[in-house]
Amino acid sequence: MFEMPSVRRFSRVSPSWRAAIIGVCASLPTAVLINWLPNSEATVGAGAMLAGPAIAGAVANGPEESAAAGVRAGFLGGVIEVLVFVISEGPTILRPTSQIPFLAFAVVMILCTSPLLGWVFGRLGGRISEVVAR
């Protein structure tokens, strides 16, 4: 009557995307805790952009895989940051129409720099994982 989903359907995700998703999901609780600290200006998306790629790089296999997983995790963290930014600041920015170019510029800058940050922190996480494994 009911058919169980096959494992093959879920195994189509590449190892670097799997590591990126694991890294971002694992970094979200840490980012939320850091955001609750007094005088903390960090956001959940920024925590996902920095800690997520490091965790993804540590989970991935090899330096190339850690860099690829870091780039993907950085992009996912950037998407989270854009969503948090649009939800929290979007209504106040979109009232005057002169602010719409600022919002577009901010979104583009976040989405362009987040993979670069992800690459750096993914390589760092992969390097830390290699050193610890020795």
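Residues numbered from 1 in each chain as written. Predicted model: local features only at pLDDT ≥ 70, side-chain atom pairs only at ≥ 80, totals over all residues. Heavy atoms only, no water.

Engineer: Just to check I follow, could you spell out the overall build of the chain for this structure?
Structural biologist: Along its length, the chain carries 5 helices and 0 strands. Each helix and strand of the chain, placed in order from N terminus to C terminus, yields the pattern α-α-α-α-α. When its C-alpha atoms are laid out on the principal axes, the chain stretches across 50 × 50 × 30 Å. Looking at the chain as a whole, 28% of its 134 residues qualify as buried. If you take every contact in the chain between residues at least 6 apart in sequence, the share linking residues at least 24 apart comes to 72%. When the accessible area of the chain is evaluated, it comes to approximately 8,700 Å², of which 70% is carbon and sulfur surface. Side chains of the chain carry 9 positive and 7 negative charges; the gap between the two charge centres is 9 Å. (Helix = DSSP H or I, 4+ residues; strand = E, 2+ residues; numbered from the N terminus. Buried < 20%, exposed > 50% of the residue type's maximum accessible area, 1.4 Å probe, protein only. Contact = heavy atoms within 4.5 Å. Areas by Shrake-Rupley, 256 points an atom, 1.4 Å probe, with all protein chains shown as cover. Lys, Arg positive; Asp, Glu negative; His and termini not counted. Charge placed at Lys NZ, Arg CZ, Asp CG, Glu CD.)

Engineer: In this structure, what is going on with helix 3 (residues 44-59)? I would like to understand it.
Structural biologist: Residues separated by three or four positions in an α-helix point in the same direction, a consequence of the helix having 3.6 residues per turn. Look at helix 3: 21 Å from first C-alpha to last across 16 residues, which is about the 22 Å you get at 1.5 Å a residue. Alanine 51 marks where helix 3 bends most, by close to 30 degrees; the proline proline 53 follows one to four residues later. Taken together, the buried positions of helix 3 are occupied by Gly45, Gly47, Ala48, Met49, Gly52, Pro53, Ala56 and Gly57. (Expected span 1.5 Å × (residues − 1). Bend = angle between axes of the 7 residues up to and from the residue.)

Engineer: Is there a simple way to explain the nonpolar core in this structure?
Structural biologist: One broad rule of soluble globular proteins: the nonpolar side chains tend to lie buried together. Judged by nonpolar contacts, Ala19, Ala20, Val24, Ala48, Ala56, Ala60, Ala69 and Ala73 together constitute the single largest core of 8 residues. Listing elements by their share of this core, those giving two or more residues are helix 2 (15-36), helix 3 and helix 4 (63-93). Element by element, the count of residues in this core is highest for helix 2, at 3 residues. With residues up to four places along the chain from it excluded, the contact list for alanine 69 reads Ser16, Ala19, Ala20, Ala56 and Ala60. (Core = buried A, V, L, I, M, F, W, Y, C linked by side-chain atoms within 4.5 Å.)

Engineer: Sorry, what's going on with a nonpolar patch on the surface here?
Structural biologist: A surface patch of nonpolar side chains, about 330 Å² in accessible area, is lined by Val13, Trp17, Ile21 and Phe75. You can see valine 13 is positioned in the loop between helix 1 (7-10) and helix 2. Looking at valine 13, the relative accessible area reads 34%, which means it is partly exposed. (Patch = residues over 30% accessible without salt bridge, like charges linked within 9 Å, V, L, I, M, F, W, Y side chains within 5 Å. Salt bridge = Lys/Arg side-chain N within 4 Å of Asp/Glu carboxyl O.)

Engineer: In this structure, what is going on with the pattern of salt bridges? I would like to understand it.
Structural biologist: Close approach of charged atoms allows side chains of opposite charge to pair. Summed over all chains, the structure comprises 1 salt bridge. Between glutamate 130 and arginine 127 there is a salt bridge whose closest N-O contact spans 3.4 Å. Of this pair, glutamate 130 and arginine 127 both sit in helix 5 (residues 100-133), separated by 3 residues, roughly a single helical turn.

Engineer: Whenever I open this one, helix 5 confuses me. Can you help?
Structural biologist: Given a rise of 1.5 Å per residue, 34 residues ought to cover 50 Å, and the 49 Å separating the end C-alpha atoms of helix 5 matches this to within 8%. Within the span of helix 5, buried status applies to Leu103, Ala106, Ile110, Ser114, Pro115, Gly118, Gly122, Gly125 and Gly126.

Engineer: Explanation requested: the environment of phenylalanine 102 in the structure shown.
Structural biologist: Examined against the element boundaries, phenylalanine 102 turns out to sit in helix 5. The class of phenylalanine 102 is partly exposed, set by a relative accessible area of 41%. The spatial distance from the C-alpha of phenylalanine 102 to the C-alpha of glycine 47 is 23 Å, given a sequence separation of 55 residues.

Engineer: Help me understand the environment of serine 27, please; the structure alone is not making it clear to me.
Structural biologist: As for its placement among the helices and strands, serine 27 is situated in helix 2. The buried category is assigned to serine 27, whose relative accessible area is 1%. The spacing of serine 27 and alanine 56 is 29 residues in sequence and 9.5 Å in space, taken between C-alpha atoms. Not counting chain neighbours up to four residues away, the residues in contact with serine 27 comprise Gly47, Ala48, Ala51, Gly52 and Ile55. Side-chain polar atoms of serine 27 contact the backbone oxygen of valine 24, separated by 2.9 Å. (Polar contact = N/O pair within 3.5 Å; in protein donor to acceptor, adjacent residues only side chain to side chain.)

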